[in-house]
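The residues making up each chain are set out below.
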Amino acid sequence: MPNMSKLILLLFLVFFNISPSISAEDSEKLLNPKFSFDGIFGKFDRASLQRGYQVYTEVCSACHSMSLLNYRNLSQQGGPEFTEEETKAIASKFEVEDGPNQNGEMFKRSSKPSDHFKSPFPNEQAARAANGGAYPPDMSTLAKAREGGPSYIYSILLGYEKSPKNIKLEDGVYYNKFKPGNSIKMPKPLNKDAVKYSDGTEASVEQMAFDVTTFLTWASDPHLEERKKTGFKTIIFLLIVSALAYFVKKKTWSRIEPKM
Amino acid sequence: MTEKNFNSDSEIIKPVHTSKVGGSPFKGVAGWIDNRLPILRIFKYEYLDFQVPKSLNYFWSLGGILMVCLIFLIITGVTLGMHYKPSSSEAFNSVEKIMRDVNFGWLIRYAHMNLASFFFIAVYLHIFRGLYYGSYKEPRQLMWLLGIIIFFMMMATAFLGYTLPWGQMSYWGATVITNLFSAIPVVGKFIVTWLWGDYAVGDSTLNRFYVLHWLIAFGIVGIVVFHVIALHIVGSNNPSGIEPVDTRDTVSFAPYTTSKDLFAMLVFLLIFVLFMMYIPNYLGHPDNYIPANPLVTPAHIVPEWYFLPYYAILRSIPNKLLGVIAMVSSIAMLGLLPWLDLSKVRSSVFRPIWKQFIFLFVLDFFLLMYLGKMPPEGVYVILSRIGLAYWFMFFLIITPLVSIMETPLQMPNSIHEYEDWKKKGKIKTLKIF
Ligand code: HEM
């Protein structure tokens, strides 16, 4: 039936057409490890989130800010779920400027859970100046802001290689096979045992990359778990209601459509 | 003569009825209200007793689906508006704050965002339905035109809405599109500055775009009311394109159409929920999660998927002014259709040749959509020009010619005969058609 093949062709076109992003042209295929938050029942692995937070504060936060998060988010449901005490202790390690006080002076105090994550640089210019002109992007939305999301971040962290002979890179520029254009101004951030995990997990580069990617994905989408859980319930509900509606429709129409 | 004299000074005396209380088919409180404010009887006549053709397929559920989309867009939009801050320094963070800190803010925002896309999916299917079954023909021309006005307003609303989160694509999309007005000779530059409210896209632009975004959205509601009133005057078309004549051809709106539409709506909702809950950002662009930065141009500036075909048309012409004219007229062409198609037969079920060209037109639409997201170079430009050529040829040449030359298939005399022929396999269509 020619009509049917037309229909299939059309559906095919729709599905390949509708996403407005362009697939990365001639760059390497991204690494795609099995993340716990993938899929319909995706959930964050708490231990991985907590380790990921450790990698972020001990390594990435030297250059990357995460200004949209507050320390209290760390104890929020669906996140790393540190206890309130642990969160207080984490926050108190950072110093913020507060004020003015009654004498009109600004003063320093240790952070509270309600404070924003401390940024490494006072402004973008300072960040660029310290990084050879490149801006280490804020990490609050990073996992949503790149084609490939978590896979892209994970791949970048593992994509450092010696540059091929025919490519000459300037000082402070590094070769990364997953970065579009292959040159990046971030020095390889993760090396073996860059952090020491308190739960005894071995801090291999892959492990740290995996954990920090999990953490960054949560940071970009803190309600992911709730969304997927609610989504599943809603879908089941809608399936049942649609089935009911279908039979109601059938029944109604059977009054005027005698069975053949 | 008599009309001229018909005033209080006149000698001719006629009774007047300034009060029209009465005439309700209802009793009791309902009757009391309806005698004074006839909304209940309008509802009864126009929705409960209303007769629609029996042969309607699921394409006829889309209008109702569109209404539901619009209502939910407004509900979610108003809710977002209570937390959103239309200023260039706060917009991005206020949207993020909605997603992070506002109770169910993530749900409301993802719903609004994906509903906008699904609104367009539904409206494209709705327009296709009109095209395929000739719903734009006598006596439904005005409905069709109202629909095109709605479509233009939707596009304006969606474009303005997309600038609101003030990400990179918001900013650069707004810059590219507003700059198009500079193509207008002499006054172009002035108009652009006037639109911006500044010498560049910035804070004042965002603020007015926010106001216009929901102002036009409410305007859509107004035109939709006209669209629906007109529908209740001219009645629904149907897959056979033949007007109903007796009760063998029709069913009453409730419970037949309502039960069918309800099912269609639920299926639509199901697909929508799948997108919103599992791939909420699939239809968007990742760059829009990078805060707007006037100093950094994104590698590719691409509009939302529903604008891609027109974007391809725009870029296929090297002259900016001509490009803009082609883009706008490509959509406006639809409005000429009732006068370009001279065939008396509505439904393309009976027009085997025209049907093929419609199919090609749909292919052309998807081809242009694909080209709209490719870089404007080499073979892509050439293909865009071919796509553009077919688009205009379809409306201006093929449609009138085929409508004159084609011999339609033999047609049944009534809708119930059509149904009968379909059962006997005398009419070949897909089940969903
Ligand atoms: C015809 C109906 C409407 C359409 C097609 C529409 C479309 C859109 C689109 C495409 C966006 C950008 C989505 C994003 O990237 O987040 C948006 C955002 C927005 N809309 Fe609407 N909208 C409609 C009605 C309304 C109404 C009635 C309001 C009420 C004030 C509203 C308020 C907002 C706000 C505050 C935003 C920015 C927040 C955000 O980006 O999530 N919208 N709209």
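Here, every reference points to the structure presented above.
Summary of the structure given here. These figures come from a predicted structure and were not determined experimentally.

Parameters and conventions
Residues numbered from 1 in each chain as written. Chains lettered and ligands numbered in written order. Predicted model: local features only at pLDDT ≥ 70, side-chain atom pairs only at ≥ 80, totals over all residues. Heavy atoms only, no water. Helix = DSSP H or I, 4+ residues; strand = E, 2+ residues; numbered from the N terminus. Rg over C-alpha atoms; globule rule 2.2 N^0.38 Å. Buried < 20%, exposed > 50% of the residue type's maximum accessible area, 1.4 Å probe, protein only. Contact = heavy atoms within 4.5 Å. Areas by Shrake-Rupley, 256 points an atom, 1.4 Å probe, with all protein chains shown as cover. Lys, Arg positive; Asp, Glu negative; His and termini not counted. Charge placed at Lys NZ, Arg CZ, Asp CG, Glu CD. Core = buried A, V, L, I, M, F, W, Y, C linked by side-chain atoms within 4.5 Å. Donors = N, O, S within 2.8 Å, 3.2 Å for Na, K, Ca; no water. Tetrahedral: all angles 85-135°; square planar, octahedral: opposite > 155°, others 65-115°. Near = heavy atom within 4 Å. Polar contact = N/O pair within 3.5 Å; in protein donor to acceptor, adjacent residues only side chain to side chain. Nonpolar A, V, L, I, M, F, W, Y, C, P; charged D, E, K, R; others polar.

Points about the overall build of chain A
Across its full length, chain A holds seven helices and four strands. Overall, chain A shows an N-to-C arrangement of helices and strands of α-α-α-β-β-α-α-β-β-α-α. Over its C-alpha atoms chain A spans a radius of gyration of 25 Å, topping by over 25% the 18 Å that the globule rule assigns to 260 residues. Across its three principal directions, the C-alpha atoms of chain A cover 85 × 60 × 40 Å. Expressed as a percentage of the 260 residues in chain A, the buried residues total 41%. Here the contacts in chain A between residues at least 6 apart in sequence split such that 62% fall between residues at least 24 apart. Taken as a whole, chain A presents about 14,800 Å² of accessible surface, with 57% of it coming from carbon and sulfur. Positive and negative side-chain charges in chain A, numbering 34 and 30 respectively, have mean positions lying 9 Å apart.

What to know about the nonpolar core
Ranked by internal contacts, the top residues of the largest apolar core, which has 132 residues, are Phe 120, Phe 151, Tyr 310, Trp 391 and Phe 395 of chain B. Per-element tally for this core: the top contributor is helix α6 (residues 105–132) of chain B, with 15 residues. In this structure, Trp 391 of chain B is in contact with Tyr 310, Ile 313, Ser 330, Phe 361, Asp 364, Phe 365 and Leu 368 of chain B, ignoring residues within four places of it in sequence. In this structure, Leu 49, Tyr 53, Leu 74 and Ala 143 of chain A belong to the second largest nonpolar core, which totals 37 residues.

Some points on the environment of Asn 207 of chain B
All names here are of chain B. Considering the arrangement of structural elements, one finds Asn 207 in helix α10 (residues 203–234). Residue Asn 207 is classed as partly exposed on the basis of its relative accessible area of 36%. Here the alpha-carbon distance between Asn 207 and Pro 86, two residues 121 residues apart in the chain, equals 5.2 Å.

Description of the coordination of the iron atom of the ligand
All names here are of chain B. Coordination of the iron atom of the ligand by the protein is provided by His 112 (NE2) and His 213 (NE2), with metal-donor distances spanning 2.0 to 2.1 Å. Coordination at the iron atom of the ligand is octahedral: its six donor atoms span angles of 85 to 179° at the metal. Within this pair, whereas His 112 is found in helix α6, its partner His 213 is found in helix α10, the two being separated by 101 residues in sequence.

Here we look at the site of the ligand
Residue and element names in this part refer to chain B. Close to the ligand lie 25 residues, the nearest being Gly 77, Arg 109, His 112, Gly 161 and His 213. Taking His 112, its side chain carries an N or O atom lying 2.7 Å from a nitrogen atom of the ligand. A distance of 2.7 Å separates a nitrogen atom of the ligand from a polar atom in the side chain of His 213. Examining the composition of the shell around the ligand, we find that seven residues originate from one element, helix α4 (residues 62–81), more than from any other. Looking at the shell around the ligand residue by residue, the classes come out as 18 nonpolar, six polar and one charged.

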